Amino acid sequence: MHTLTACLTFHIHHADSLKDKRQICRSLIDKTRQRFNVSVSEVDTQDIYRTLTVGIAVVSGDMAHAQNSLEEIIRFMENNPDAELVSIERG
């Protein structure tokens, strides 16, 4: 069994409140879960309304499949028009 993790930090330009941030966060997380069936959650910066930090965990029996899946998930989240990906930390 192979487990890969990543922590992605986004900047949300158009968020003027935590409510705006939560709406974008929920949408991004729900779409990612539905499309890839992975564990994804907001893991930090909950009180900073223009910064979103999301953690992703991928579990697979094959390391190559886990790596490819994680890369595809990152590309998918990076293409979100509401949030700009500013950093990626792989675990």
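Residues numbered from 1 in each chain as written. Predicted model: local features only at pLDDT ≥ 70, side-chain atom pairs only at ≥ 80, totals over all residues. Heavy atoms only, no water.

A. Quick look at the overall build of the chain. Across its full length, the chain carries two helices and four strands. Secondary structure of the chain in N-to-C order comes out as β-α-β-β-α-β. Seen through its principal axes, the chain has C-alpha atoms that stretch 40 × 20 × 15 Å. For the chain, long-range pairs separated by at least 24 residues make up 67% of all intrachain contacts whose partners lie at least 6 apart in sequence. Total accessible area on the chain is roughly 5600 Å²; 46% of this is exposed by carbon and sulfur atoms. Averaging the coordinates of the 10 positive side-chain charges in the chain and doing the same for the 13 negative ones gives two points 5 Å apart. (Helix = DSSP H or I, 4+ residues; strand = E, 2+ residues; numbered from the N terminus. Contact = heavy atoms within 4.5 Å. Areas by Shrake-Rupley, 256 points an atom, 1.4 Å probe, with all protein chains shown as cover. Lys, Arg positive; Asp, Glu negative; His and termini not counted. Charge placed at Lys NZ, Arg CZ, Asp CG, Glu CD.)

B. Inspection of unusual backbone geometry at higher detail. Backbone geometry at Asn37 places phi at a positive 55 degrees, although glycine is not the residue there. Within the secondary structure, Asn37 sits in the loop between α1 (18–36) and β2 (39–44). Positive phi is not limited to glycine here, since Thr45 has a value of about 55 degrees. Its location among the elements puts Thr45 in the loop between β2 and β3 (51–60). On the basis of relative accessible area, Thr45 is assigned to the buried category, the value being 15%. (Buried < 20%, exposed > 50% of the residue type's maximum accessible area, 1.4 Å probe, protein only.)

C. Up close: the nonpolar core. One finds Leu8, Phe10, Ile56 and Met77 to be the most contacted residues of the largest nonpolar core, which totals 24 residues. Contributions of two or more residues to this core are made by β1 (2–11), α1, β3 and α2 (63–78). Ignoring anything within four residues of it in the chain, the contact list for Met77 reads Leu8, Phe10, Leu28, Thr32, Val40, Val54 and Ile56. (Core = buried A, V, L, I, M, F, W, Y, C linked by side-chain atoms within 4.5 Å.)

D. Structural detail: the pattern of salt bridges. Per the counting criterion, the structure on display carries three salt bridges. Of the charged contacts in the structure, one is a salt bridge between Arg50 and Asp16, with a shortest N-O distance of 3.2 Å. Remark: Asp16 occurs in the loop between β1 and α1 and Arg50 occurs in the loop between β2 and β3; sequence separation between them is 34 residues. The class for Arg50 is partly exposed, based on a relative accessible area of 31%. For Arg90, the salt bridge is made with Glu71, and the minimal N-O distance between the two is 2.6 Å. (Salt bridge = Lys/Arg side-chain N within 4 Å of Asp/Glu carboxyl O.)

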